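Listed below are the residues making up each chain.
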Amino acid sequence: MKMKKVLSLLLSFCMIFALAACGGNNDQTAAPANGTQAADATPAATQSGGASPEASGDEVSIVLATYPVGKYGDESTMTELIAAFNAVYPNIHVEVQYLDYTNGDDQVNTAINGGQAPDLIFEGPERLVANWGDKGYLVDLSDLWSSETSGQIYDFIETACKHPSGAYYEYPVCMTTHCMAINYDAFEAAGALQYIDEATHTWTTEGFINAVAALVANGQPNAGIVFCGGQGGDQGTRALINNLYGGTFTNAEHTQYTADSAENVKALQLLYDMEGIEFDAASVGSDEIGLFCNGTLNMAFCWNVAQELSETAGQTAQFEIFPMAFPTESGAPKLQGGIWGYGVFDNGDPAKIEAAKTLIRFMTEDDAQYTNAVLASNYWPVRELAGIYSDNEVMTEYGMFMQYMGDYYQVTSGWAEARTAWWNMLQQIGAGTAVEEAVAAFVETANTAAGN
């Protein structure tokens, strides 16, 4: 029997919280390398106690493309992961391509159109299931989902990795919940800490409004921005707008876009009217993170634990970063989740497909190797893995947000088109288009793309 209930996930995080020590360390932290790098495919030396096990078979070369999820954009980390794989499978040579969230999608789409798609790719269901899988470019990984280990993966993760046709276009590795962050020092100076619940890291919409007003009154006019220069980090703007008054982005069945609800219209109008909040058509999520970490902004809507751990983001801030759930009228936030794992492109070569599946099995089935794969992501496992962050204060703090994970609606049909239409809509509102008009146009575009 499969034991994958969300309750067990929450209990595991409670255990981690209880066990956490006072010290600790640990999409999208390190800056990805440019172009293509080949990871070391040389077999590892013989280990003490006997020779390393080797898989028999012909030599085969595959290309793994990865977005910068945690340290998956770091060449040294990927070299270590692939070297461990080659110690067991020396006949499978893995070349790593490093993508980013600015033009990575364009690179992959161009490769697909040119018949040069990577063999393996590391990303989330919104790309693997709702986009490339939906278009027929990926291999059905149902055979991987028949293993004993896959039976331990949480139900809601499995649902996100499964296409409506029944095909599995992703095998997951890690997950997180995205959140926001505030400049604790600026809030304290403005007397705005009274508007947040520091114990639960939550606040109400009224508290958010009052906090922004307090920051402005204290001479700090740049409380935050609704960045809309592109799709990068758009999970932050969606979560902010959906949470403020309890709106939704899609229906529960993930068949229709519902962002034109009265609740979302109200939220967008609130943000447009607020002094201290600006619609910024020149910035995307990474720009907002930079402005927050250098003290220009007092809050960031594009945030998660990987940002705080990043040497180019959170560790550069000269103030205390305090992670927060998005403000809600009810005080019960619904955060957007992130899921990352492997998809396999169907490039017409059975040997390459099998080699890609072999790498997936290696990274996910053995607990020791799976631990390494999860740690490289700076996120959390998609199945129970006891004690992985039990001595890490930062991961424990952010782990509490997992209980607020909301609906994973990013697998709705037409997702790629909807993302573009979303930031275009925000730009229109920032330029003065009536909120109702802009939102209606967004929903029409998104639902048309979804086939409605």
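Chains are numbered independently. Their residues run from 1 in the order of the written sequence. For a predicted model such as this one, the threshold for reporting local features is a pLDDT of at least 70, and the threshold for listing and counting side-chain atom pairs is 80 or more; totals across whole chains, interfaces and linings nevertheless cover every residue. As a rule here, side-chain values come from all non-hydrogen atoms in the structure, and water together with hydrogens is ignored.

### A look at helix H15 (residues 415-430)
At 3.6 residues per turn, the α-helix brings residues three or four places apart onto the same side. To be explicit about the condition: Secondary structure elements follow DSSP: runs of H or I no shorter than four residues count as helices, runs of E no shorter than two count as strands, and numbering proceeds from the N terminus. What a helix should span is 1.5 Å times the count of its residues minus one. Classification of residues uses two cut-offs on accessible area relative to the type maximum, computed with a 1.4 Å probe and protein chains only: under 20% is buried, over 50% is exposed, and between them is partly exposed. Residues are treated as being in contact if the distance between any of their heavy atoms lies within 4.5 Å.
Taking 1.5 Å per residue, 16 residues should reach 22 Å; H15 reaches 23 Å between its end C-alpha atoms and fits that length. By the burial criterion, the buried members of H15 are Trp415, Ala418, Arg419, Ala421, Trp422, Trp423, Met425, Leu426 and Ile429. Here the buried face of H15 lies against helix H4 (125-133), strand S7 (224-227), helix H8 (234-244), helix H9 (262-273), strand S8 (277-280) and helix H16 (435-449). After H15 finishes, the residue glycine 432 shows a positive phi value of roughly 110°.

### Some details on the pairing of S7
For a regular strand, the rule is simple: side chains alternate between the two faces of the sheet. So the rule is basically this: For two strands to be treated as a pair, DSSP must find no fewer than two bridges joining them.
The side-chain alternation of S7 yields two buried faces, one formed by Gly224 and Val226 and the other by Ile225 and Phe227. Judged from the four bridges that link them, S7 and S8 form a sheet pairing that is parallel. Looking at the pairing, isoleucine 225 lines up with glutamate 278 of S8.

### Observations concerning the packing of aromatic side chains
The condition that has to hold: Pairing of aromatic rings covers Phe, Tyr and the six-membered ring of Trp, with a centre-to-centre limit of 6.5 Å; geometry is then stacked below 30 degrees between planes, edge-to-face above 60, and tilted otherwise. In our convention, an over-ring charge means Lys NZ or Arg CZ found within 6 Å of a ring centre and within 35 degrees of that ring's normal.
Throughout the structure, instances matching the rule amount to 27 aromatic pairs. Relative to tyrosine 257, the ring of phenylalanine 249 has its centre 5.9 Å away and its plane inclined at 85°; by these criteria the two rings are edge-to-face. In this structure an aromatic cluster arises from ring pairing among Phe249, Tyr257, Tyr409, Trp415, Trp422 and Phe442. Positioned over the ring face of tyrosine 67 is arginine 127, at 4.9 Å from the centre of the ring. Note that arginine 238 overlies the ring of phenylalanine 249, its terminal NZ or CZ placed 5.6 Å from the centroid.

### Let's talk about helix H10 (residues 285-293)
Stated precisely, the cut-off is as follows: Directions from the helix axis toward the C-beta atoms define the arc.
When H10 is considered as a whole, its buried residues turn out to be Gly285, Glu288, Ile289, Phe292 and Cys293. Along H10, the residues classed as buried sweep out an arc of 130° about the axis, all on the same side. In the stretch just after H10, glycine 295 is the one whose phi turns positive, near 90°.

### Focus: the pattern of salt bridges
Put simply, the rule reads: Any Lys or Arg side-chain nitrogen located within 4 Å of an Asp or Glu carboxyl oxygen qualifies as a salt bridge.
Throughout the structure, instances matching the rule amount to eight salt bridges. In this structure, lysine 357 engages aspartate 143 in a salt bridge whose closest nitrogen and oxygen atoms are separated by 3.0 Å. With lysine 357 in helix H12 (residues 350-364) and aspartate 143 in the loop between H4 and helix H5 (155-161), this pair connects stretches of sequence that are 214 residues apart. For lysine 357, a relative accessible area of 9% translates into the label buried. Given a relative accessible area of 34%, aspartate 143 falls into the partly exposed group. Of the charged contacts, one joins arginine 238 and aspartate 234 as a salt bridge, the two residues approaching to 3.0 Å between their closest N and O atoms. A residue pair is termed a helical-turn pair when its members lie 3 or 4 positions apart in one helix, as arginine 238 and aspartate 234 do in helix H8 at four residues. Look at the salt bridges and you will find they share partners, linking Asp143, Glu354, Lys357 and Arg361 into a network.

### A short note on the sheet that holds strand S10 (residues 321-324)
As a reminder of what qualifies: Comment: axis = line fitted to C-alpha atoms, over the contacting stretch for helices; angle = value between 0 and 180 degrees taken between N-to-C directions.
With antiparallel pairing, the three strands of this open sheet are ordered in space as S9-S6-S10. Of all the strands in the sheet, just strand S9 (299-303) and S10 have a single pairing partner and so form its edges. In this sheet, adjacent strand axes meet at a mean angle of 30° when their direction is disregarded. Contacting strand S6 (179-183), S9 and S10, H10 runs over the sheet at an angle of about 140° to S9.

### Quick look at the side chain of histidine 254
Defined as follows: The definition of a polar contact used here is a pair of N or O atoms within 3.5 Å, where within protein one atom must be able to donate a hydrogen and the other to accept one, and adjacent residues in sequence count solely through side-chain atom pairs.
Tracing the backbone through its elements, the reader meets histidine 254 in the loop between H8 and H9. A polar atom in the side chain of histidine 254 sits 2.8 Å from the side chain of aspartate 407.

### Things to note about unusual backbone geometry
A positive phi angle, near 60°, is found at histidine 254, a position not held by glycine. The backbone phi angle of asparagine 378 is positive, close to 65°, even though this residue is not glycine. Following the sequence through the fold, asparagine 378 ends up in the loop between helix H13 (367-375) and strand S12 (380-381). The class for asparagine 378 is buried, based on a relative accessible area of 3%.

### With respect to the packing of H8 against H9
Worth spelling out the cut-off: Just so you know how the angles are binned, under 35 degrees is roughly parallel, over 145 roughly antiparallel, 65 to 115 roughly perpendicular, and the rest oblique. For any helix crossing, the convention is left-handed if the near helix is rotated counterclockwise from the far helix by under a right angle, and right-handed if that rotation is clockwise. We call Asp, Glu, Lys and Arg charged. Ala, Val, Leu, Ile, Met, Phe, Trp, Tyr, Cys and Pro are nonpolar, and the rest, Gly among them, are polar.
Where H8 contacts H9, the two axes come as close as 7 Å, and the packing angle between them is 110°. Viewed along their axes, H8 and H9 adopt a mutual orientation that is roughly perpendicular. The two elements H8 and H9 meet at a crossing, and its hand is right-handed. Contact with H8, carried on its side by Leu240, Ile241, Asn242 and Leu244, involves Asn264, Ala267, Leu268, Leu270 and Leu271 of H9 and no other residues of that element. Its residues assigned to classes, the contact of H8 with H9 shows seven nonpolar, two polar and no charged.

### Notes on the state of the cysteines
Using the following cut-off: Cysteine sulfur atoms that come within 2.5 Å of each other are treated as a disulfide pair.
Scanning all chains against the criterion turns up zero disulfides. The thiol of cysteine 302 is unpaired, and the distance to the nearest cysteine sulfur, on cysteine 179, comes to 9.8 Å.

### A few points about the side chain of threonine 177
Note on placement: threonine 177 falls in strand S5 (residues 171-177). Among the polar contacts listed, one links the side chain of threonine 177 to the backbone oxygen of phenylalanine 401, at a separation of 3.5 Å. Not counting the four nearest positions on each side in its chain, threonine 177 is found in contact with Asn304, Leu335, Gln336, Gly337, Phe401, Met402 and Met405.

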